[in-house]
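Residues per chain, in single letters:
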Amino acid sequence: MNLESLVKFFAPKSMSPGAVPCGIATGTLTITDVMASIGMATSRAAVGIELYFAKAGVLAPDNILAYLKELATNRACRHRALQKMTEADRDKFLHTLVYYVFRDYSLSAASRVICTNCCGEGFIDAEVFTMKAAMGQMTRSSEIQLMRFSKPMPGNDLKPKREVVRALCNPCEGKGSIKNECRCRGRGETLDKKKTELQGIPVYKECPRCKGRGYPRLKDTEIFKALGVTEMIWRRNFKLFFERLVEHCHIEESYAEGILKKITV
């Protein structure tokens with residue numbers, strides 16, 4: 001059993017969640033066995049279990065953020081740029097940094113992100129051209145006649161007029177948020193057209209945009225602007241420090257999943 005199978009036990013769709021297949025064995029695990037396996041896995045890989053539960057929304061991320069900040073503080077003693085800061089500035093800087101570390105780690109193809117086209121509002125201001133009559137007020141009968149005949153009636157000359165109207169945002173369909181998936185639809189691979197034409201069968205390759213991840217990561221622009229540093233300083237001094245913290249989160253999760261699989265086999 002992997003970590004993804006644990007989440008449904010904390011939010012079951014029915015009163016009896018049922019059993020979970022136990023590895024390749026023919027038996028099944030009851031919910032009591034699952035809770036016991038979580039306890040055993042937590043005793044050996046507590047950080048990875050809490051990281052994944054916070055990522056899935058089962059637990060609040062406060063403990064994990066505190067852990068990441070302590071880890072970043074310990075690593076900061078070997079970081080020259082962080083040591084040049086005052087203690088108060090360094091504490092504030094690391095507090096913001098670990099927040100984005102957890103955000104980057106918790107992203108997936110199913111995550112919901114704010115639509116950049118409408119900035120989360122669901123509607124956009126669009127310029128459209130409408131045909132307006134030159135006369136001041138039109139009656140209902142004249143509107144019907146204008147719709148019925150292609151040529152305007154005498155005295156009711158139509159003129160194009162530019163207006164700004166509220167239109168529904170197409171990318172998010174008015175929801176204000178979209179899935180954080182790549183153009184490969186979260187699969188991590190795309191169709192290789194050249195090899196498909198040569199071999200006559202569908203041939204897939206690693207998605208060059210997300211590099212097989214299935215979803216885009218946080219943009220560096222958002223991170224270094226929140227930290228209050230320039231792009232050059234970010235890339236030279238802090239980007240590698242940030243990447244190592246995100247990598248540590250994935251390592252802890254992978255270790256916890258390995259422990260859980262050994263327990264439930």
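Residues numbered from 1 in each chain as written. Predicted model: local features only at pLDDT ≥ 70, side-chain atom pairs only at ≥ 80, totals over all residues. Heavy atoms only, no water.

A. Expanded view of the overall build of the protein. Helices and strands together make up the secondary structure of the protein, namely 9 helices and 8 strands. Here the protein, with 265 residues, has 31% of them falling under the buried criterion. As presented, the protein carries roughly 17700 Å² of accessible surface, and 53% of it is formed by carbon and sulfur atoms. (Helix = DSSP H or I, 4+ residues; strand = E, 2+ residues; numbered from the N terminus. Buried < 20%, exposed > 50% of the residue type's maximum accessible area, 1.4 Å probe, protein only. Areas by Shrake-Rupley, 256 points an atom, 1.4 Å probe, with all protein chains shown as cover.)

B. Highlighting helix 1 (residues 31-44). Its 14 residues place the ends of helix 1 20 Å apart at the C-alpha level, agreeing with the 20 Å of an ideal helix rising 1.5 Å per residue. Along helix 1, the residues classified as buried are V34, S37, I38 and A41. Mapping the buried residues of helix 1 onto a view down its axis gives an arc of 105°, with all of them on the same face. In helix 1, the exposed positions angled more than 90 degrees off the buried face are occupied by T32 and S43. Taken together, the buried residues of helix 1 touch strand 2 (28-29), helix 2 (46-56) and helix 9 (231-264). (Expected span 1.5 Å × (residues − 1). Arc of directions from axis to C-beta. Contact = heavy atoms within 4.5 Å.)

C. Up close: the environment of G174. Tracing the backbone through its elements, the reader meets G174 in the loop between strand 5 (158-168) and strand 6 (177-179). By relative accessible area, G174 is classed as partly exposed at 27%. Once the C-alpha coordinates of G174 and I124 are considered, the two residues, 50 residues apart in sequence, prove to be 9.3 Å apart. Residues within four places of G174 in sequence aside, it is in contact with G122, L168 and C169.

D. Here's a closer look at a positive patch on the surface. Residues R183, K194, K195, K205 and R209 make up a contiguous surface patch of positive charge. Within the secondary structure, K194 is located in helix 7 (residues 193-199). (Patch = residues over 30% accessible without salt bridge, like charges linked within 9 Å, V, L, I, M, F, W, Y side chains within 5 Å. Salt bridge = Lys/Arg side-chain N within 4 Å of Asp/Glu carboxyl O. Lys, Arg positive; Asp, Glu negative; His and termini not counted. Charge placed at Lys NZ, Arg CZ, Asp CG, Glu CD.)

E. Summary view of the state of the cysteines. Under the counting rule described, the total for this entry stands at 0 disulfides. Not engaged in a disulfide, the cysteine C169 finds its nearest cysteine sulfur in C172; these two sulfurs lie 3.6 Å apart. Of all cysteine sulfurs in the structure, the one in C210 sits closest to C184, which takes part in no disulfide; the separation is 3.8 Å. Its relative accessible area of 2% is what places C184 among the buried residues. (Disulfide = S-S within 2.5 Å.)

F. The packing of helix 1 against helix 2, seen in detail. Packing of helix 1 against helix 2 brings their axes to within 5 Å, and their N-to-C directions diverge by 120°. Between helix 1 and helix 2, the angle is such that the two are oblique. In contact with I38, A41, T42 and R44 of helix 1, helix 2 contributes A46, I49 and F53. A breakdown of the residues in the contact of helix 1 with helix 2 according to their chemical character gives 5 nonpolar, 1 polar and 1 charged. (Axes fitted to C-alpha atoms, helices over the stretch in contact; angles between N-to-C directions. Parallel < 35°, antiparallel > 145°, perpendicular 65-115°, else oblique. Nonpolar A, V, L, I, M, F, W, Y, C, P; charged D, E, K, R; others polar.)

G. Here's a closer look at the confidence of the model for the protein. Overall, the predicted model of the protein reaches an average pLDDT of 82, with 82% of residues at or above 70. Per-element averaging of pLDDT across the protein places helix 6 (residues 140-148) at the bottom with 48 and helix 3 (residues 62-76) at the top with 95. Counting interchain partners and residues more than four positions distant, the pLDDT-below-50 stretch residues 143-151 has 6 contacts. (pLDDT = per-residue confidence, 0-100.)

H. Layout of the environment of F238. Topologically, F238 is positioned in helix 9. Residue F238 is classed as buried on the basis of its relative accessible area, which comes to 3%. Taking the C-alpha atoms as reference points, F238 and L97, separated by 141 residues in sequence, lie 9.5 Å from one another. Not counting the four nearest positions on each side in its chain, F238 is found in contact with H79, A81, L82, M85, F93, V229 and I233.

I. The arrangement of the side chain of R90 in detail. In this structure, R90 sits in helix 5 (residues 87-106). The side chain of R90 sits in the buried core without any salt bridge; E87 is the nearest counter-charge, 5.5 Å away.

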